[in-house]
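Below, each chain spelled out in residue letters.
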Amino acid sequence: MEQNELYPIFLKLHNLNVLIVGGGNVGLEKLSFLLKSSPNANVEVVAKEFHLEIKVLAEKHPSIKLTKSKFKKKMLEKRHMVIACTDDLKVNKKVYELSRKRYLICNIADTPDLCDYYLGGIVTKGNVKIAISTNGKSPTTAKRLREFFEEVIPEDINQMVENLNEYRKTLKGNFEEKVKRMNEITDSLKNKE
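Residues numbered from 1 in each chain as written. Predicted model: local features only at pLDDT ≥ 70, side-chain atom pairs only at ≥ 80, totals over all residues. Heavy atoms only, no water.

Trainee: Please explain the overall build of the chain as it appears in this structure.
Mentor: Along the backbone of the chain there are six helices and seven strands. In sequence order, the secondary structure elements of the chain are arranged as β-α-β-α-β-β-α-β-β-β-α-α-α. Based on the C-alpha atoms only, the size of the chain along its principal axes is roughly 55 × 40 × 30 Å. Evaluated residue by residue, the chain yields a buried proportion of 34% over its 193 residues. Restricting to contacts in the chain with at least 6 residues of sequence separation, those with at least 24 account for 54%. Carbon and sulfur atoms form 52% of the exposed surface of the chain, whose accessible area is close to 13200 Å². Distance from the positive charge centre (34 side chains) to the negative charge centre (26 side chains) of the chain: 8 Å. (Helix = DSSP H or I, 4+ residues; strand = E, 2+ residues; numbered from the N terminus. Buried < 20%, exposed > 50% of the residue type's maximum accessible area, 1.4 Å probe, protein only. Contact = heavy atoms within 4.5 Å. Areas by Shrake-Rupley, 256 points an atom, 1.4 Å probe, with all protein chains shown as cover. Lys, Arg positive; Asp, Glu negative; His and termini not counted. Charge placed at Lys NZ, Arg CZ, Asp CG, Glu CD.)

Trainee: Sorry, what's going on with helix 3 (residues 89-101) here?
Mentor: Since the α-helix packs 3.6 residues into each turn, any two residues three or four apart lie on the same face. Taking 1.5 Å as the rise per residue, helix 3 with 13 residues should run 18 Å; its terminal C-alpha atoms sit 18 Å apart, in good agreement. Residues N92, V95, Y96, L98 and S99 constitute the buried set of helix 3. Structurally, helix 3 contributes buried residues whose contacts are with strand 1 (18-21), strand 4 (81-84) and strand 5 (105-108). Between the side-chain oxygen of the N-cap and the backbone nitrogen of K90 there are 2.9 Å, and the N-cap of helix 3 in question is D88. Y103, located one to two residues past helix 3, shows a positive phi value of around 60°. (Expected span 1.5 Å × (residues − 1). Polar contact = N/O pair within 3.5 Å; in protein donor to acceptor, adjacent residues only side chain to side chain.)

Trainee: Is there a simple way to think about unusual backbone geometry in this case?
Mentor: Negative phi is the rule for most residues except glycine; trans is the rule for most peptide bonds. A positive phi is found at Y103, a non-glycine position, where the angle reads about 60°. Overall, the relative accessible area of 79% leaves Y103 in the exposed class. Its identity as a non-glycine residue notwithstanding, D110 has a phi of 60°, on the positive side.

Trainee: Any chance you could explain the side chain of T134 here in plain terms?
Mentor: By the secondary structure assignment, T134 is in the loop between strand 7 (128-132) and helix 4 (139-152). Among the polar contacts made by the side chain of T134, one reaches the main-chain amide nitrogen of S138 at a distance of 3.0 Å. For T134, the residues in contact, after removing those within four places along its chain, are N4, P139, T141 and A142.

Trainee: Would you explain the nonpolar core in this entry?
Mentor: One recurring pattern in soluble globular proteins: nonpolar side chains tend to sit buried together. Grouped together as the largest cluster of nonpolar side chains are 21 residues, with contacts concentrated most on I20, L31, L34 and V43. For this core, the elements supplying multiple residues, two or more each, are strand 1, helix 1 (25-37), strand 2 (43-47), helix 2 (52-60) and strand 4. With four residues, helix 1 is the largest single contributor of residues to this core. F71, L104, C106 and L114 belong to the second-largest nonpolar core, a separate cluster that totals 15 residues. (Core = buried A, V, L, I, M, F, W, Y, C linked by side-chain atoms within 4.5 Å.)

Trainee: Would you take a moment to explain a nonpolar patch on the surface for this structure?
Mentor: A cluster of nonpolar side chains, namely Y7, I9 and L11, defines an oily patch on the protein surface of about 360 Å² accessible area. Topologically, L11 is positioned in the segment before strand 1. (Patch = residues over 30% accessible without salt bridge, like charges linked within 9 Å, V, L, I, M, F, W, Y side chains within 5 Å. Salt bridge = Lys/Arg side-chain N within 4 Å of Asp/Glu carboxyl O.)

Trainee: Please clarify how the environment of M1 should be interpreted in this entry.
Mentor: Mapped onto the fold, M1 is located in the segment before strand 1. For M1, a relative accessible area of 99% puts it in the exposed group. Measuring from C-alpha to C-alpha, the distance between M1 and V91 comes to 35 Å, with 90 residues separating the pair along the chain.

In structure tokens:
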């Protein structure tokens, strides 16, 4: 059986600098996806034309910058991650190759071979966030799993997390003792109806 070797991380996009190259439907989808999880993400979208809804999103989110231009190499300066989703595969490939030279992580839409990362399915309930990956094989399955988790995770999970965080702050002792106590308390969650 093939193994998913992707390593999931949770990025603080408000502290990073993201570039999206492409302002059409796919650019809108990628930008919407980032903003759904990270409403204050620092993103610059570069395109010759922008989908109307991208302009609407940029008005709602001050951290979004729209640059009406064709892609230029210098636009990769001071970036942390890049998404290319133009309708020109040559441009997308150029963005990927230039990103790789600068050690930038890059995602070329709908081209798994030219992706250092994927944007997976995400479930959010307050402070609790679950990321779902199908290794780029089936976005539909990720979507169905997201819907499943949204249904089964209790709405009050965030309150529980907040309460446990407050309790954790009151614990005395060294790191191992604190971990042991938190494990004992949260052990009952496995059997919670």
